[in-house]
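Architecture and fold: a report
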Amino acid sequence: MASTLLRKVWDAHTVRRLPNGQTQLFVGLHLIHEVTTPQAFDMLHARGLGVAMPERTIATVDHIVPTRDQRRPFLDVMAEDMLSALERNCRAHGIRLLDIDSGQQGIVHVIGPELGLTQPGMTIACGDSHTSTHGAFGAVAFGIGTSQVRDVLASQCLAMEPLKVRRIEVRGRLGRGVYAKDVILEIIRRLGVKGGAGYAYEYAGDAIARMSMDERMTICNMSIEGAARAGYVNPDETTFAYLRGRAFAPQGDAFERATAWWSSMASDPGASYDDEVVLEAADIRPTVTWGINPGQSVAVDEPLPSNADPEALAFMGFAAGQHVRGTKIDVAFVGSCTNARLSDLREAARVIRGQRVAPHVKALVVPGSQAVRAAAEREGLDRVFLDAGFEWRGAGCSMCLAMNPDRLEGREICASSSNRNFKGRQGSPTGRTLLMSPAMVAAAAVAGEVVDVRQFAPAEVVLGR
Ligand code: SF4
């Protein structure tokens, strides 16, 4: 019978059905980092338990690492303590840690794919909401809480509620200056920030099929912002080409055998879905959030809705009917697990090449991993950013959530390529976040205000595809 990828992967990893209706799922890959593990390891130790499968567990450091000066010990004592605890726990349990001096450190959702750890047909868990990113490869990937991190460490299993599947088809071609970020912001705007509750989102259609793996990761990354428990794209030749030769991907004949199995895990033609939604790519425009959740967004050339949430308007200092375009910004941030991959940096650099950041704007680029940073430097992108007046930082989560020195101050407004615009998300309780694509952030940094990247970028710059 025709089946979906979600169902196939779920069935292949089911250990047993639990009496309460949940499924005990085997977890193929457990990614861990410094923030959600210290307590989980403490709970494990308190029960005298070890790590069931250290060989399926990989650690890195991302949330708390400073991005300006990454020498140890960190100046922030709490950050240093967290990293030391992770190092201790990894040593004690034989877990591979991709530390600052490894050359492979970075945001957990950036390094998993780039090292080939993330593969189709897998179940993946990580103590971070944006684990859905890994679904871009046709994996079923869940963000989990601290007590679930403990459970996976101890048993390599998770107790999960069954999920429905919503197929979201994006048809046609994206316009100039419209990126994967705009597509997912539009999906969340249409379906709502709670619309995905109880679902996994399957992204499909020719617009998704044409996307690179980086773009698919941006889409899947924000599934959780629409409340979907997971998001995925069926694996195809683009997926296999990306994985070929990666450090942890199967090599030689094993790779060919793996692609046959990976292909078999894709949703079958004629599979039935619990819900189906269609979007026309041509209808999607460069998008920017105006509110305090990622569903509160508008096309950059569109006014705020007349029925806009008054609490969000008051916090952000906007009025219904107003345009976000023209809003003066204080900070421009290109970074995060949504948009800090090499292609994101390339798009931002194309927009700003030969220009200068507005004098009143603090602008920073924080590559998603050490590998992204090195690759960007090989292409000379660091020079493009530095010459324009951006700061060029070390890899980490940085200003996405401000658990490190990179933070907004007071009522500052930040044009950000990250994924959350909640009150206080960027470190200041009153700071304001406008989510947008990296190209839009770059344009805003130079203009000093929110602009439409289609009108801002020089005509000879081919934006997007
Ligand atoms: S970049 Fe932001 S969303 Fe992504 S893992 Fe780091 S803190 Fe979480």
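Residues numbered from 1 in each chain as written. Predicted model: local features only at pLDDT ≥ 70, side-chain atom pairs only at ≥ 80, totals over all residues. Heavy atoms only, no water.

With respect to helix H8 (residues 213-221)
Of all the nine residues making up H8, nine are buried; the element is thus mostly covered by neighbouring parts of the structure. Looking only at H8, the buried set comprises Met-213, Asp-214, Glu-215, Arg-216, Met-217, Thr-218, Ile-219, Cys-220 and Asn-221. (Buried < 20%, exposed > 50% of the residue type's maximum accessible area, 1.4 Å probe, protein only. Helix = DSSP H or I, 4+ residues; strand = E, 2+ residues; numbered from the N terminus.)

Description of the site of the ligand
Within the structure, the ligand sits among His-63, Ile-107, His-109, Asp-128, His-130, Ser-336, Cys-337, Cys-397, Cys-400, Leu-401, Asn-419 and Arg-425. Classifying every residue of the shell around the ligand gives five nonpolar, five polar and two charged. (Near = heavy atom within 4 Å. Nonpolar A, V, L, I, M, F, W, Y, C, P; charged D, E, K, R; others polar.)

A look at the environment of Val-61
As for its placement among the helices and strands, Val-61 is situated in the loop between strand E4 (57-60) and helix H3 (77-93). Residue Val-61 is classed as buried on the basis of its relative accessible area of 0%. The sequence separation of Val-61 and Asn-89 amounts to 28 residues, and the corresponding C-alpha distance is 13 Å. The contact partners of Val-61, leaving out residues within four places of it in the chain, are Glu-34, Leu-83, Leu-86, Leu-98, Asp-99, Ile-100, Gln-105 and Gly-106. (Contact = heavy atoms within 4.5 Å.)

Here we look at the pairing of strand E9 (residues 164-171)
Across six bridges, the pairing between E9 and strand E10 (residues 199-204) is parallel. The residue bridging Val-165 from the neighbouring strand is Ala-200, located in E10. The parallel pair E9 and E10 is bridged by helix H6 (residues 180-191), and the resulting crossover is right-handed. Sheet topology note: the E9/strand E12 (residues 275-280) ladder contains six bridges and is parallel. Residue pairing for E12: Glu-169 is matched across the bridge by Val-278. (Pairing = 2+ DSSP bridges. Right-handed = clockwise from strand over helix to strand, strands pointing away.)

Things to note about the pattern of salt bridges
In this structure the tally under the stated criterion is 30 salt bridges. When the shortest N-O distance is used, the salt bridge between Asp-151 and Arg-150 registers 3.0 Å. We note a salt bridge from Glu-169 to Arg-167, for which the minimum N-O separation is 3.1 Å. Owing to a relative accessible area of 17%, Glu-169 belongs among the buried residues under this scheme. Counted as one network, the salt bridges with shared partners bring together Arg-167, Glu-169, Arg-171, Glu-202 and Glu-280. (Salt bridge = Lys/Arg side-chain N within 4 Å of Asp/Glu carboxyl O.)

With respect to the packing of H6 against H8
Relative to each other, H6 and H8 sit at 25 degrees, their axes nearing to 8 Å. Taken together, the axes of H6 and H8 lie roughly parallel to each other. Considering only the axes of H6 and H8, their crossing is right-handed. Contacts from Ala-180, Lys-181, Val-183 and Ile-184 in H6 reach Glu-215, Thr-218 and Ile-219 in H8. Tallied by class, the residues present in the contact of H6 with H8 amount to four nonpolar, one polar and two charged. (Axes fitted to C-alpha atoms, helices over the stretch in contact; angles between N-to-C directions. Parallel < 35°, antiparallel > 145°, perpendicular 65-115°, else oblique. Left-handed = near helix turned anticlockwise from the far one by under 90°.)

A short note on the nonpolar core
Counting residues in hydrophobic clusters, the biggest one holds 60 residues, and the most contacted among them are Trp-290, Val-324, Ile-329, Leu-345, Phe-385, Phe-390 and Leu-434. Elements with a minimum of two residues in this core: helix H11 (310-316), strand E15 (331-334), helix H12 (342-352), strand E16 (362-365), helix H13 (370-378), helix H14 (381-388), strand E18 (413-416) and helix H15 (438-447). It is H15 that contributes the most residues to this core, eight residues altogether. Val-9, Leu-83, Phe-142 and Tyr-273 belong to the second largest nonpolar core, which has 41 residues in total. (Core = buried A, V, L, I, M, F, W, Y, C linked by side-chain atoms within 4.5 Å.)

What to know about the packing of aromatic side chains
For the coordinates displayed, the defined rule picks out seven aromatic pairs. For the ring pair Phe-137 and Tyr-242, a centre distance of 5.2 Å and an interplane angle of 70 degrees mean the geometry is edge-to-face. Here Phe-137 is found in the loop between strand E6 (123-126) and strand E7 (140-143), whereas its partner Tyr-242 is found in helix H9 (residues 237-243), with 105 residues between them in sequence. Pair check on accessibility: Phe-137 and Tyr-242 agree, each one buried. With 6.2 Å between their ring centres and 85 degrees between their planes, Tyr-201 and Tyr-203 make a pair best called edge-to-face. Overall, Tyr-201 belongs to the buried group, its relative accessible area being 2%. Exposure remark for Tyr-203: the relative accessible area of 1% places this residue in the buried category. These aromatic residues form a ring-pair network of at least three members: Phe-240, Phe-255 and Trp-262. (Phe/Tyr/Trp six-rings, centres within 6.5 Å; stacked < 30°, edge-to-face > 60°.)

Observations concerning unusual backbone geometry
In this model, Arg-72 is joined to Pro-73 through a cis peptide bond whose omega is -10 degrees. Inspection of the secondary structure puts Pro-73 in the loop between E4 and H3. Positioned with a positive phi, Ala-227 is a non-glycine residue whose angle comes to about 75 degrees. Residue Ala-227 is classed as partly exposed on the basis of its relative accessible area, which comes to 25%. Residue Ser-336 is not a glycine yet carries a positive backbone phi of 90 degrees. We classify Ser-336 as buried; its relative accessible area is 1%.

Notes on the sheet that holds E6
Two strands in a sheet stick together by hydrogen bonds in their backbones, pointing the same way (parallel) or opposite ways (antiparallel). Taken in spatial order, the five strands make up an open sheet running E5-E4-E3-E6-E7, and their pairing is parallel. Here the strands that pair on one side only, and so sit at the sheet edges, are strand E5 (96-98) and E7. Strand-to-strand twist across the sheet, computed as the mean angle between neighbouring axes with direction ignored, equals 20 degrees. Taken together, the four bridges between E6 and E7 define a ladder with parallel strand orientation.

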